[in-house]
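# Structural description and commentary
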Amino acid sequence: MSISRRDFLKGALAGGSLLAAGAPAEARENKVMPGEALGLLYDSTLCIGCKACVSACKEVNDMPPEFSTEDHLWDTPLDISGKTLNVIKVYQNGTAENKDSEIDGFAFMKVSCLHCADPSCVSACPVSAMTKDPVTGIVGYDKDVCIGCRYCVAACPFGVPRFQYDKAIPQISKCQLCRQRIPEGKYAACAQVCPTGATLYGKVKDLHAESQRRLAMKPGEYATFPRGNINTHDQSPHTAKAAKYIPHIYGEKEVGGTQMLKLSAVPFDKLGMPTLPDQSFASKSETLQHTLYGGLIAPLAFLGVLSFVAKRNVKHDDDANDEKK
Amino acid sequence: MSASHNHPAPAPLGGSFVTPTTVILALLVAIAGVIMLVRFFFGLGAVTNINDGYPWGIWVVYDVVIGSAFACGGYSVALLVYIFNKGEYHPMVRPALLASLFGYTLAGAGVMLDLGRYWNFWHIFWPGYAQVNSVMFEVAVCITAYIVVMWIEFSPAFLEKFGMKNVKRKLNKFLFLIIALGVLLPSMHQSSLGSLLVVFGYQIHPLWQTMLLPLLFLMTALAIGFAVVIFEACLSSSGFKRPLEMQLLGKLSKVMLWMLTAYLIVRFVDLIVRGAVGSMFELRIETLMFWIENALFIAPLVILASPQSRRNPSKLFIAAVCLMLAGFLLRIDSFLVGYETGPGWHYFPSVPEIMVSIGMIALEILGYIALVRYLPILPGTTESAIAGNK
Amino acid sequence: MNENSFENDESMLALEKRLGISRRSFLQMCAAMAATMGLPKGAEAAMAKAVATKKRPSVIWLHFQECTGCTESLLRAEHPTLEKLILDVISLDYHETLFAAAGHQAEAARKSAMKANKGKYLLVVEGAIPTRDNGIYCKVGGQTAIEMLKECAADAAAVIAIGSCSSWGGMPSTPPNPTGAKSAGEVLGKVIPNIPGCPPNPYNFLSTVVHFLTFGKLPDVDDIGRPKFAYSRLIHENCERRAHFDAGRFALEFGDEGHKRGYCLYKLGCKGPETHANCPAILFGDVGNASWPVGTGHPCIGCTEKGIAFAKPIHALAELKSVRPPAGFPGIIEDQGKGASTGALILAAAVAGAAAGAGAMMAKNLGKNVKLDEGDAHKKQAERNPS
């Protein structure tokens, strides 16, 4: 069975277009977060940059100090890392005199896992070390399963998972919403210790309602803001003037929605939060894989064809060989 | 027309293994070995420059992604010989297969060296742990399976040397399946090496991020496969002072050029359809690298345009090298140059990191030399071979 | 001999006698005062000279809606002590608390001093002025506070308000402000220099007076009349517990572990972040370290600031007027990762160069072989087919 050049070309183009057509126009639907999903509401306008959440997180999760100054005396992380799960960063512009002002002002942003509804890291992980809890929706990490391939580090659109490059026995490190404290009846340490309620813990549906309440406030008017856990009301509320919020709840729709919602008076992209489409990247990647390999149908079919052709050609080969001998 | 055997049977090359070349290669391997000890005792950060902005460095992008692409000689030739039944390319099979075998085995080793928690590597194959939606899962399983398949495909050479004819005959009965797998598996994982990037979303520059990534990677892998065969034939010929089978290589280069043309059409139509034409003309490093990459893809079409040029080994060699470099750049560009997780991150491989990659290449060449000298791989040389190839 | 040494200066000798302190102590006092005001070197000498040579200026001190805390605060001053001030540095011609006289005699003394020093006396106002119902809620000698203030201010060289009450209304103006208490400046219809605080640190007032004495004018003030040397910075910018704030260590309850360790009092309602004053720098009472509210473990109540003190609950959290993040505070974008080291670049270039060189050589050799092979082939063909 020989193929002419023309046939070869036809075959190549046909096969190619098959693969190309296989890339579907529509990716699967984004995954939806569980109904009782837990999360955080971070309000940059309430944050005062005190970093109580950074120290509380370190203490509760037994993380070592991270030094960025020469004296190695203070825990001064510049970013989340293999040693730091949560950090507050500051945006400064011009004279940096006015809080929450985009021009000549400053504002804070909390950087920690957003616990996506359709996480890229869970989709990317080849060994299920990253998993999404079906009830709380918390994206957890299990180091005993992890192979350290760092696909999750590269895949996360927010750059959240970090790796311990400086260790011989390394692991991935990221916020897990203090899930180890839930059986003790406690909740995320960052929210618990926050003096102004900038970081608020609770069910995402309630946090979402709270976000909408804040966006509806009149800027400059005094309002009360819950602190600690919005569902258990374990702390007294904080009173402050409502800020002029950017009318957007970050994390409501981005890549299918996240369980950590954010509010701010300074545009989010200036605070390091990327502008993202509503379609999750995990859905695109998985749809591609399923289209090409779903149920192993295409591969087995292809194998069948190849086996048939190879058998015929090899047979001729062997016959020729045997004849010679 | 069946696969013809009007060429001499493969035979060991013989000759001394210890030459200045092999000594230097061994030295490079040793250096890499020492660096790897440091890596295992002190962590990846102690010898590499990878960081959380660039968690994958050249150990992943060169040793695994590019290394495996360069190892596609066996794939491309097997496709031609056993599927399209171009028996005249048969003498190229064993050497191509050997290079592939080494390339892939080392790519697999490269993965093990790069994994942070390597002792858990078996989780990827274990039901209960394996996460089948992950592209990396599929890449890992297919590459592993392919390495096994190639060792089986290659076993006739060992079996001949050790005179195990019975085993060889039994194996021949199932050879067709092994060969079919040897074409299926690389099609799957070489394309999926491109699919790996899809989940990165906006982090990959629009010049490279597309749902057609698997197709682009597959087509270039095939084209590179042919280029590598030409490249290695030239190297062998030069290194071992053997004649070049020009006719075969000339014909092979035509196949390579057709594949290349198809690829370029797909590549640029995709860019246009996605509206990424604007990106091609911005003043940035990504754009510069994009054009260098595509210039190298187009170069072989120019160099080998005429039938005479395809009979010129020098031109063939240069065109093959251009295509290999182009494929190399496509992967470097899509995984590293075009990858940005956020501003402020920098990455360039460190000296020990580069030395390990060099050591891997050295090991591959060293192994190739060792095996062709002691096992029947390269076709035997006789005058009739030269005459027969006219 | 240094012209500022005053060694044989007659006026200095007279001053020593008058004040009953040594020249050295006097110069130290002037130096301390100059330092408090942040004046340049040499100012203390000018001050010393002024105090020594000039005629003691007349000071009229009015009390309205006040608790006399500001006077009490001055009584605790050490350098100079109040008696030194009133007896030897200034001529206190009217002060209801410190006067021996009372009633009509006192008022008469005031009027005659005002007449004698017309246009040259300093008017100090302590306490707020009620304005509701024509100001009947505070009367001295039958005269309402409003009338008295306006009368005394008319011929004064300068008017200084001491304490929060006269500076911006203070405690009497606490909402709903039933008496319509206002500041002296509001009643006079202009911004006058004021030393807010409840009570203010006496040295803020004393330095201001000595400055006036020395240079004939009051020190630089901000847009609402507060001397910049004392009120230009927030307490938060100077607080000794600031490091705890920056590290997120807070006292959560009075008496808890954090409180005992001296952690930041922000969560207990400290108004330091929105209060302008120099308390952490100069403290109170000259009794040493941590002798100010925050230092003793109580959150600042913002006593110098209108709208904060007596208006905002003590437990309510302060608004941060200014946060100067410390130098190590991470920015949104930080430079991370290692770029190309020189060694790596050289190595990469060397490898590329070697590969290019080898490739070029290979290409050349292959070219030669082809010619050779083609030559050989032609020869063989010729041999086989001689024709």
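The sections below set out a description of the structure shown in this document.

What counts, and where the lines are drawn
- Residues numbered from 1 in each chain as written.
- Chains lettered and ligands numbered in written order.
- Predicted model: local features only at pLDDT ≥ 70, side-chain atom pairs only at ≥ 80, totals over all residues.
- Heavy atoms only, no water.
- Helix = DSSP H or I, 4+ residues; strand = E, 2+ residues; numbered from the N terminus.
- Buried < 20%, exposed > 50% of the residue type's maximum accessible area, 1.4 Å probe, protein only.
- Contact = heavy atoms within 4.5 Å.
- Areas by Shrake-Rupley, 256 points an atom, 1.4 Å probe, with all protein chains shown as cover.
- Lys, Arg positive; Asp, Glu negative; His and termini not counted.
- Charge placed at Lys NZ, Arg CZ, Asp CG, Glu CD.
- Core = buried A, V, L, I, M, F, W, Y, C linked by side-chain atoms within 4.5 Å.
- Buried area = accessible area lost by both parts, 1.4 Å probe.
- Salt bridge = Lys/Arg side-chain N within 4 Å of Asp/Glu carboxyl O.
- Polar contact = N/O pair within 3.5 Å; in protein donor to acceptor, adjacent residues only side chain to side chain.
- Pairing = 2+ DSSP bridges.
- Phe/Tyr/Trp six-rings, centres within 6.5 Å; stacked < 30°, edge-to-face > 60°.
- Lys NZ or Arg CZ within 6 Å of the ring centre and 35° of its normal.

Next up on the list: the overall build of chain B. In terms of regular secondary structure, chain B is built from 12 helices and zero strands. In chain B, the succession of helices and strands from N to C terminus is α-α-α-α-α-α-α-α-α-α-α-α. Per-residue burial for chain B yields a buried fraction of 63% across its 390 residues. For chain B, contacts bridging at least 24 residues in sequence account for 80% of all contacts bridging at least 6. Carbon and sulfur atoms make up 74% of the accessible area of chain B, which amounts to about 14400 Å² in all. The positive charge centre, built from 23 side chains, and the negative charge centre, built from 18, are 14 Å apart in chain B.

Turning our eyes to something else, we now look at the nonpolar core. With 177 residues, the main nonpolar core has Tyr151 of chain A together with Phe200 of chain B as its most contacted residues. For this core, the leading source of residues is helix H7 (residues 213-239) of chain B, giving 16 residues. Among all residues touching Tyr151 of chain A, those that are not within four sequence positions of it are Ala124 of chain A together with Trp56, Ser134, Val135, Met136, Leu196, Val199 and Phe200 of chain B. One finds Leu46, Val90, Phe158 and Tyr201 of chain A within the second-largest nonpolar core, a separate group that totals 60 residues.

All names here are of chain A. Along the chain, Met260 turns up in strand E13 (residues 260-263). With 144 residues separating them in the primary sequence, Met260 and Cys116 have C-alpha atoms 7.9 Å apart. The contacts of Met260, once residues within four sequence positions are left out, are Leu40, Lys110, Ser112, Cys113, Leu114, Tyr250 and Gly251.

Right, let's get into the interface of chain B and chain A. Counting residues at the interface gives 73 residues for chain B, matched by 72 residues for chain A. Both faces considered, chain B and chain A share a buried interface measuring about 6300 Å² in area, 63% of it formed by carbon and sulfur atoms. Contact with chain A buries area across many residues of chain B, yet Asp52, Arg117 and Val199 of chain B alone supply 12% of it, more than any other trio. Taken together, chain B and chain A are joined by one salt bridge. One salt bridge in this structure joins Asp114 of chain B and Arg150 of chain A, with 2.7 Å as the shortest N-O distance. Run the count over chain B and chain A and you get 35 residue pairs in polar contact (both at pLDDT 80 or more).

What follows covers the sheet that holds strand E4 (residues 105-111) of chain A. All names here are of chain A. The strand order E2-E4-E3 describes an open sheet built from three strands, whose pairing is mixed. Looking at which strands have only one partner, the edges of the open sheet turn out to be strand E2 (87-92) and strand E3 (98-99). Relative to E4, E2 is paired through six bridges, and the arrangement is antiparallel. Bridging from a neighbouring strand, Val87 pairs with Val111 of E4.

This part is about the environment of Val198 of chain B. Assignment of secondary structure puts Val198 of chain B in the loop between helix H6 (165-195) and H7. Classification of Val198 of chain B by relative accessible area gives buried; the value is 3%. Sequence spacing of Val198 of chain B and Pro214 of chain B is 16 residues, and the spatial spacing of their C-alpha atoms is 9.3 Å. In this structure, Val198 of chain B is in contact with Phe281, Lys284, Ser285 and Leu288 of chain A together with Gln209, Thr210, Met211 and Leu213 of chain B, ignoring residues within four places of it in sequence.

Right, let's talk about the pattern of salt bridges for a bit. Residues and elements named next belong to chain A. The tally for this structure, following the rule as stated, stands at 28 salt bridges over all chains. As a salt-bridge pair, Glu36 and Lys205 come within 3.0 Å of each other at their nearest N and O atoms. A residue pair is termed long-range when its members are at least 10 positions apart, and Glu36 in the loop between helix H1 (5-22) and strand E1 (38-43) and Lys205 in helix H6 (residues 204-215) qualify at 169 residues. The network of salt bridges with shared partners includes Asp43, Glu210, Arg213 and Arg214.

This part takes up the packing of aromatic side chains. Applying the stated rule across the entire model yields 33 aromatic pairs over all chains. On the basis of an interplanar angle of 70° and a centroid distance of 5.7 Å, the ring pair of Tyr151 of chain A and Phe200 of chain B is categorised as edge-to-face. In this pair, Tyr151 of chain A sits in helix H4 (residues 151-155) while Phe200 of chain B sits in the loop between H6 and H7, so the two residues belong to two different chains. Its relative accessible area of 1% is what places Tyr151 of chain A among the buried residues. Of the residues examined, Phe200 of chain B reaches a relative accessible area of 2% and is grouped as buried. Considering the side-chain rings of Phe268 of chain B and Phe290 of chain B, the 6.1 Å spacing of their centres and the 65° angle between planes classify their relative orientation as edge-to-face. Note that Phe268 of chain B is positioned in helix H8 (residues 246-273) and Phe290 of chain B in helix H9 (residues 285-303), a separation of 22 residues in sequence. Each member of the pair Phe268 of chain B and Phe290 of chain B is classed as buried. Aromatic ring contacts, followed pair by pair, group Tyr151 of chain A together with Tyr54, Trp56, Phe200, Phe217, Phe335, Tyr339 and Tyr347 of chain B into a single cluster. Its guanidinium or amino end placed over the ring of Phe176 of chain B, Lys311 of chain A lies 5.0 Å from that ring's centre, counting from NZ or CZ.

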